[in-house]
Amino acid sequence: MQLNEISFAGSVPVDGYGPGFFRIGGEVIEGAVLTGATGTTTWGGYEDAQALLALAGEIDVLFVGTGAEIAHLPGVLRQSLEAAGLGVEVMNSPAACRTYNVLLSEGRRIALAALPV
């Protein structure tokens, strides 16, 4: 078996997650998180649309992790994001973290906003 080292080209992948937290680049973030090429910060959840809208033009796809289970985004939030030109992919947070890491390693213009499990 041949193992290949993954390069994230200066971006920071999700190292892990657990009940109420995410570990990104070795740093533990309690609660919801927003991460991408511009850095990592806490996120105010669905009510914090402005933080997500600020990514317009910087990314092509925003992955939204909805916690332990997949759920629909509030309609107003989804409409605002799509109107700003952001592609939005919704999945549970574990799947969103894995997908984010894979596409990040490919050099894609993406971000992750995730609620904790």
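Residues numbered from 1 in each chain as written. Predicted model: local features only at pLDDT ≥ 70, side-chain atom pairs only at ≥ 80, totals over all residues. Heavy atoms only, no water.

Participant: Hey, could you run me through the overall build of the protein chain in this one?
Facilitator: The number of helices and strands found in the protein chain is three helices and eight strands. Start at the N end of the protein chain and walk to the C end: the helices and strands fall as β-β-β-β-β-α-β-α-β-α-β. Judged by the C-alpha coordinates and their principal axes, the protein chain covers about 45 × 30 × 25 Å. Counting every position in the protein chain, which comprises 117 residues, the buried fraction comes to 39%. (Helix = DSSP H or I, 4+ residues; strand = E, 2+ residues; numbered from the N terminus. Buried < 20%, exposed > 50% of the residue type's maximum accessible area, 1.4 Å probe, protein only.)

Participant: Sorry if this is basic, but what is going on with helix α3 (residues 93-105) here?
Facilitator: What sets the pattern is the α-helix's 3.6 residues per turn: residues three or four places apart point alike. If you check α3, its first and last C-alpha atoms are 18 Å apart, about what 13 residues at 1.5 Å a residue would give, namely 18 Å. Restricting attention to buried positions, one finds in α3 the residues Ser 93, Pro 94, Ala 95, Ala 96, Cys 97, Tyr 100, Asn 101, Leu 103 and Leu 104. Those residues of α3 that are buried are in contact with β1 (14-18), β2 (21-24), β4 (33-36), β6 (61-66), β7 (87-91) and β8 (110-115). At the N-terminal end of α3, a side-chain oxygen is found 2.9 Å from the backbone nitrogen of Ala 95, two or three residues along, and the residue is Asn 92. (Expected span 1.5 Å × (residues − 1). Contact = heavy atoms within 4.5 Å. Polar contact = N/O pair within 3.5 Å; in protein donor to acceptor, adjacent residues only side chain to side chain.)

Participant: How do you make sense of the nonpolar core when you look at a structure like this?
Facilitator: Generally speaking, nonpolar side chains in soluble globular proteins are found buried as a group. If you look at the biggest cluster of nonpolar residues, it comprises 18 residues, and the most contacted ones within it are Trp 43, Leu 52, Leu 55, Leu 62, Leu 73 and Leu 81. Broken down by secondary-structure element, the contributors of at least two residues to this core are α1 (49-53), β6, α2 (75-83), β7 and β8. The dominant element in this core, judged by the number of residues it contributes, is β8, at three residues. When sequence neighbours within four positions are dropped, the list of residues in contact with Leu 52 reads Leu 34, Trp 43, Leu 62, Leu 77, Leu 81, Leu 86 and Ala 113. Ranked by size, the runner-up nonpolar core spans 16 residues in total, among them Ile 24, Met 91, Ala 96 and Leu 103. (Core = buried A, V, L, I, M, F, W, Y, C linked by side-chain atoms within 4.5 Å.)

Participant: Which parts of the structure should I look at to understand the sheet that holds β2?
Facilitator: Strands pair in a sheet through their backbones, by hydrogen bonds, and they do so in one of two ways: parallel or antiparallel. Judged by pairing direction, the sheet is antiparallel, and its three strands sit side by side in the order β1-β2-β3 without closing on themselves. Strand pairing shows two members of the sheet lacking a second neighbour, β1 and β3 (27-30), which therefore form its edges. The mean angle between the axes of side-by-side strands here comes to 20°, regardless of whether they run parallel or antiparallel. Where β2 and β3 come together, four bridges link them in antiparallel fashion. Its bridge partner lying in β3, Ile 24 is registered against Glu 27. Of the strands in this sheet, β1 and β2 are in contact with α3, which crosses β1 at around 175°. (Pairing = 2+ DSSP bridges. Axes fitted to C-alpha atoms, helices over the stretch in contact; angles between N-to-C directions.)

Participant: Any chance you could explain the sheet that holds β6 here in plain terms?
Facilitator: Ordered in space as β5-β4-β8-β6-β7, the five strands form an open sheet in which the pairing is mixed. Strands at the two margins of the open sheet, each flanked by one partner only, are β5 (39-42) and β7. For this sheet, the mean angle separating the axes of adjacent strands, direction not counted, is 15°. Here five bridges tie β6 to β7, and the two strands are oriented parallel to one another. Across the sheet, residue Val 64 finds its bridge partner in β7, namely Val 90. α3 contacts β4, β6, β7 and β8 of the sheet and is inclined by roughly 165° relative to β8.

Keep in mind these numbers describe shape, not what the thing actually does.
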